[in-house]
Amino acid sequence: MKEKGSMMNRTVKSAVAMAAVAAMSLGTLAACGSSTSGDDARGKVYYLNFKPEAADQWTALAKEYTKEKGVEVKVQTAASGTYEQTLKSEIAKTDAPTLFQVNGPVGYQNWKKYTADMSNTDVYKELANQDVALKDGDKVVGVPYVMETYGLIYNKDILNKYFALDGAKATSMDEIDNFDTLKAVADDMQARKDELGIKGAFTSAGFDSSSDWRFKTHLANLPLYYEFKDDNVTEQPAKIKGTYLPNYKKIFDLYITDSTTEPTQLSAKTGDDANSEFALGEAAFYQNGTWAWTDLQKAGMTDDQVGMMPIYIGVKGEEKQGLTTGSENYWCINDKASDADKKATEDFLKWVITSDTGKKALSQDMGFTAPFKTFDDVKSDNPLTEAAVEDQESGKTQVSWNFTMMPSEEWKNKVGQALLEYAQGTGKWDAVKTAFVDGWASEYEASH
């Protein structure tokens, strides 16, 4: 999706800004409507929802659960941009949320003393890939309920036309499973762009605010992923080494060299420009994610025209690398809730991901790509989502979302500015490295 405020206005489920905190939605109480000792023993659920665009759907789901199970479920939705503030207020109350969410390792640090271990919950056990859970050592502290995936979206028609050319550097997508082959293909396509009827191998790497997050955040995730993997980093580090910045440079150079647009024009190029270039068949590759399909479909593309492949940056063994998949939406159970309320919350989550009612609510009504095995029979009409599912089932190692550990928006902005100056020829790559490595340390220190 497109960056939400600081990150994305993500469209795979684009958050619609809301002006005020949504009204509390109380599930219908069982029987007489007042809490009895039996009700207390059964427990109750209070969910503080993060997604304003799904407020009505969660309210309806809570009411349906109460009707079916006789257990009280209360939902409150925080207005866009106010979740942390609302959670701080609600968590201090006697009747605190039993279910809340964090956005990843950095957000977790604020709430670690409230997070119960979810290792034995059905919602964790039903994850198709348990590696995507948020963990603190052996403790499972958060379970994602929506997953999103990005990579290089490609135009099948253009690639097939290229593969049929004499001297093509590859004859099928299966052969493009590493950076060197990707570069050889892209360089050749750029050299033969008139023959292919395109303007460039890649869409414009625009640095307008509607587009720059693709490079200062999403592309920057790749060197972080490999460094953190090498060093077994599982929470936000105070410093980084920049081990894979040369690889970051290689893929970025490819984007701006084999492009529809001259590097000197990138500051004015928008996300809409890149989307349009790709949809019009002016470029074969477009870095974006599952959320991009809505805009591509509106621009006239059909589902049989697009596929999605991993972003390769020239790391040893990357032939086994999958797409970049992650979440900024992790369910956490309040460890300070009563045992009965924690059990009621676990049961509610199990019902949400296993019942036909819950599955329909998440996948259709809310439009989420849910990461649970129970959703294997749920089909999507989004071809990029289907590509992501195929990737998950391929046996390849998916790249995790490590950009949730980036120290601040200011850090990303400085990296982005250095990237733009480098692309335009007014700055050096050393400035990118300085912003990336030294900037991380200083921003971390400032925030701690």
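In this text, all values refer to a predicted model and were calculated from it rather than measured experimentally.

Q: What exactly am I supposed to notice about the overall build of the chain here?
A: Secondary structure assignment for the chain yields 18 helices and 15 strands. Taking 2.2 N^0.38 as the reference for a compact globule, 448 residues should give roughly 22 Å; the C-alpha atoms of the chain span a radius of gyration of 23 Å, in line with that estimate. Along the three orthogonal principal directions, the C-alpha set of the chain runs to about 75 × 45 × 40 Å. Per-residue burial for the chain yields a buried fraction of 57% across its 448 residues. Counted over contacts in the chain with a minimum sequence separation of 6, partners at least 24 positions apart contribute 76%. Surface summary for the chain: the accessible area is close to 18800 Å², and the carbon and sulfur share equals 45%. Averaging the locations of the 49 positively and 68 negatively charged side chains of the chain gives two centres separated by 3 Å.

Q: What is the right way to look at the confidence of the model for the chain in this model?
A: When pLDDT is low, close inspection of the predicted coordinates is not appropriate. Taken as a whole, the chain shows an average pLDDT of 89; of its residues, 91% reach a score of 70 or greater. Across residues 1–38, confidence stays below pLDDT 50; counting only partners more than four residues off in sequence or on other chains, it has 101 contacts.

Q: Just to check I follow, could you spell out the pattern of salt bridges for this structure?
A: Oppositely charged side chains may form a pair once their charged atoms are brought near each other. Counted by the stated rule, this structure contains 22 salt bridges. For Lys74, the salt bridge identified is with Asp95, shortest N-O distance 3.1 Å. Here Lys74 is found in strand β5 (residues 73–77), whereas its partner Asp95 is found in the loop between α3 (83–91) and β6 (99–102), with 21 residues between them in sequence. Among the salt bridges present, the one from Asp136 reaches Lys112, with a minimum N-O distance of 3.9 Å. Of the two residues, Asp136 sits in strand β7 (residues 134–136) while Lys112 sits in the loop between α4 (105–111) and α5 (122–125), which places them 24 residues apart along the sequence. Asp136 gets classed as partly exposed once you look at its relative accessible area, which sits at 27%. Residue classification places Lys112 among the partly exposed positions, given a relative accessible area of 35%.

Q: Is there a simple way to think about empty space enclosed by the protein in this case?
A: The gaps of empty space that remain are located by a probe, the size of a water molecule, rolled over the atoms. Under the defined criterion, the tally for this structure stands at one cavity of 30 Å³ or more. One number sums up the size of the largest cavity: a volume of about 40 Å³. The wall of the largest cavity is formed by Phe202, Thr203, Ala205, Arg214, Phe215, Tyr255 and Gln287. Taken together, the residues of the lining of the largest cavity sort by class into four nonpolar, two polar and one charged.

Q: Explain the side chain of Ser259 to me, please; I cannot follow it from the model alone.
A: Within the secondary structure, Ser259 sits in the loop between α11 (245–257) and α12 (271–279). Apart from residues no more than four positions distant in its own chain, Ser259 is found in contact with Gln190, Lys199, Gly200, Phe202, Thr203 and Ser204.

Q: Looking at this structure, how should I read helix α16 (residues 383–392)?
A: Owing to its 3.6 residues per turn, the α-helix aligns residues three or four sequence positions apart on the same side. The set of residues buried in α16 consists of Pro383, Leu384, Thr385, Ala387, Ala388 and Asp391. Close packing links the buried residues of α16 with β9 (148–155), β11 (283–289), α13 (293–298), β12 (306–309), β13 (321–326) and β15 (397–399). Sitting at the head of α16, Asn382 places a side-chain oxygen 2.8 Å from the backbone nitrogen of Leu384.

Q: What am I meant to see in the packing of helix α14 (residues 339–354) against helix α15 (residues 356–365) here?
A: How two helices pack is summed up by the angle between their axes together with the distance between the axes. Where α14 contacts α15, the two axes come as close as 5 Å, and the packing angle between them is 75°. Classed by the angle they form, the pair α14 and α15 counts as roughly perpendicular. Contact residues: α14 offers Trp351, Val352, Ile353 and Thr354, while α15 offers Asp356, Thr357, Gly358, Lys359 and Leu362.

Q: For this particular structure, what's the right way to read the packing of α11 against helix α17 (residues 409–424)?
A: Orientation of α11 relative to α17, taken along the N-to-C sense of each, is 55°, at an axis distance of 11 Å. The orientation of α11 relative to α17 falls into the category oblique. The way α11 lies across α17 gives a crossing that is right-handed. Contact residues: α11 offers Tyr248, Lys249, Phe252, Asp253 and Ile256, while α17 offers Val415, Leu419, Tyr422 and Ala423.

Q: Please explain the domain arrangement of the chain as it appears in this structure.
A: Interface size is commonly expressed as the accessible area that is lost once the parts come together. Along its sequence, the chain is organised into domain 1 (45–147 + 327–375) and domain 2 (149–325 + 400–446). With seven residues of domain 1 at the interface, the matching set in domain 2 holds nine residues. Contact with domain 2 buries area across many residues of domain 1, yet Pro105, Val106 and Met147 alone supply 54% of it, more than any other trio. One can count zero residue pairs in polar contact (both at pLDDT 80 or more) joining domain 1 with domain 2.

Q: What should I look at first to understand the pairing of strand β4 (residues 45–49) in this one?
A: Taken residue by residue, a regular strand's side chains alternate between the two faces of the sheet. Burial analysis of β4 places five of its five residues in the buried class, the great majority of the element. Judged by which residues are buried, β4 turns out to be covered on both faces: Val45, Tyr47 and Asn49 on one side and Tyr46 and Leu48 on the other are all buried. In this structure, β4 lies alongside β5, joined through five bridges in parallel fashion. Each residue of the ladder has a partner; that of Leu48, found in β5, is Gln76. Chirality of the crossover, the property in question, places the unit of β4, helix α2 (residues 55–69) and β5 among those that are right-handed.

Q: Is there a simple way to explain unusual backbone geometry in this structure?
A: Keep in mind that most residues, glycine aside, have a negative phi and that most peptide bonds are trans. Phi angles above zero are rare outside glycine, and Asn232 is one such case at about 55°. Assignment of secondary structure puts Asn232 in the loop between α10 (221–231) and α11. The class for Asn232 is exposed, based on a relative accessible area of 63%.

Q: What is the right way to look at the nonpolar core in this model?
A: Nonpolar side chains tend toward joint burial in soluble globular proteins. Membership of the largest hydrophobic core comes to 69 residues, with the highest contact counts inside it found for Met189, Tyr248, Phe285 and Phe436. If near-sequence neighbours (up to four positions away) are discounted, Phe436 is found in contact with Ala220, Pro223, Leu224, Ile240, Leu245, Tyr248, Trp411 and Val415. Ranked by size, the runner-up nonpolar core spans 38 residues in total, among them Tyr47, Leu61, Ala62 and Val352.

Q: Can you walk me through the pairing of β9 in this structure?
A: Burial analysis of β9 places eight of its eight residues in the buried class, the great majority of the element. Where β9 and β13 come together, three bridges link them in antiparallel fashion. Note that in β13 the partner of Glu148 across the bridge is Gly326. Pairing geometry for β9 and β11, over five bridges, is antiparallel. Across the sheet, residue Tyr150 finds its bridge partner in β11, namely Gly289. Sheet analysis places β9 next to β12, joined by four bridges and oriented antiparallel. Bridge assignment links Tyr154 to a residue of β12, and that residue is Gly307.

Basis of the calculations
Residues numbered from 1 in each chain as written. Predicted model: local features only at pLDDT ≥ 70, side-chain atom pairs only at ≥ 80, totals over all residues. Heavy atoms only, no water. Helix = DSSP H or I, 4+ residues; strand = E, 2+ residues; numbered from the N terminus. Rg over C-alpha atoms; globule rule 2.2 N^0.38 Å. Buried < 20%, exposed > 50% of the residue type's maximum accessible area, 1.4 Å probe, protein only. Contact = heavy atoms within 4.5 Å. Areas by Shrake-Rupley, 256 points an atom, 1.4 Å probe, with all protein chains shown as cover. Lys, Arg positive; Asp, Glu negative; His and termini not counted. Charge placed at Lys NZ, Arg CZ, Asp CG, Glu CD. pLDDT = per-residue confidence, 0-100. Salt bridge = Lys/Arg side-chain N within 4 Å of Asp/Glu carboxyl O. 1 Å grid on protein atoms, 1.4 Å probe; cavity = no way out; pocket = protein on both sides within 12 Å on 5 of 7 lines; lining within 4 Å. Points joined across faces, edges and corners; volume = space filled by probe spheres on them. Nonpolar A, V, L, I, M, F, W, Y, C, P; charged D, E, K, R; others polar. Polar contact = N/O pair within 3.5 Å; in protein donor to acceptor, adjacent residues only side chain to side chain. Axes fitted to C-alpha atoms, helices over the stretch in contact; angles between N-to-C directions. Parallel < 35°, antiparallel > 145°, perpendicular 65-115°, else oblique. Left-handed = near helix turned anticlockwise from the far one by under 90°. Domains from an automatic or database assignment. Buried area = accessible area lost by both parts, 1.4 Å probe. Pairing = 2+ DSSP bridges. Right-handed = clockwise from strand over helix to strand, strands pointing away. Core = buried A, V, L, I, M, F, W, Y, C linked by side-chain atoms within 4.5 Å.

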